[in-house]
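Inside the fold
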Amino acid sequence: MAGQLETEKTTRYLRVKVVDHTKPGEPAIDVKLPTQLVKFGLKMGRAFSPEMAKANLDWQAVSAMLDEGAVGELVHVEDEVEHKTIDVFVE
C-alpha cells in the first residue's frame, strides 16, 4: 500500500502505529496527531535539531503531501530483529 496515496481535502491526522509481535494484544504505540501539529513539529524540529536538519528526507515533499490532502500509508517497516512493525499513514 505504500506509495498509493489518494488526494482528499479532509485529511486530519497523521497516525503512527507500532506493533510488537512478541506481545499479543494491542499495539505498543498507536498515536494520532493532527496534520497541522505535525507540520509545525517538523518545522520546529528542523530549526532546532541538527539530526532532523541533516536527515535524508525531502521535508518539502512531506509538507506538500499534507497540504494537498494525501491519504494513505507513507511508511511501512518490518523490523525482523526487534519483531516489530511500524506503519505511518495519513487518515
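Provided above is the structure to which this section pertains.
Let us look at the structure shown here.

Conventions used here
Residues numbered from 1 in each chain as written. Predicted model: local features only at pLDDT ≥ 70, side-chain atom pairs only at ≥ 80, totals over all residues. Heavy atoms only, no water. Patch = residues over 30% accessible without salt bridge, like charges linked within 9 Å, V, L, I, M, F, W, Y side chains within 5 Å. Areas by Shrake-Rupley, 256 points an atom, 1.4 Å probe, with all protein chains shown as cover. Salt bridge = Lys/Arg side-chain N within 4 Å of Asp/Glu carboxyl O. Helix = DSSP H or I, 4+ residues; strand = E, 2+ residues; numbered from the N terminus.

Some words on a nonpolar patch on the surface
- Where nonpolar side chains cluster on the molecular surface, the patch consists of Ile29, Val31, Leu33, Leu37, Phe40, Met44 and Phe48 and spans about 650 Å² of accessible area.
- Broken down by secondary-structure element, the contributors of at least two residues to the nonpolar patch are β3 (29-34) and α1 (35-48).
- Here the element with the most residues in the nonpolar patch is α1; it accounts for 4 residues.
- You can see Leu33 is positioned in strand β3.

Remarks on the pattern of salt bridges
- Applying the stated rule across the entire model yields 3 salt bridges.
- Salt-bridge contacts for Asp30 lead to Arg15; the nearest nitrogen and oxygen are separated by 2.7 Å. With Asp30 in strand β3 and Arg15 in strand β2 (residues 13-20), the pair connects residues that are 15 residues apart, well separated along the chain.
- One salt bridge in this structure joins Arg15 and Glu91, with 3.5 Å as the shortest N-O distance. With Arg15 in strand β2 and Glu91 in the segment after β5 (84-90), the pair connects residues that are 76 residues apart, well separated along the chain.

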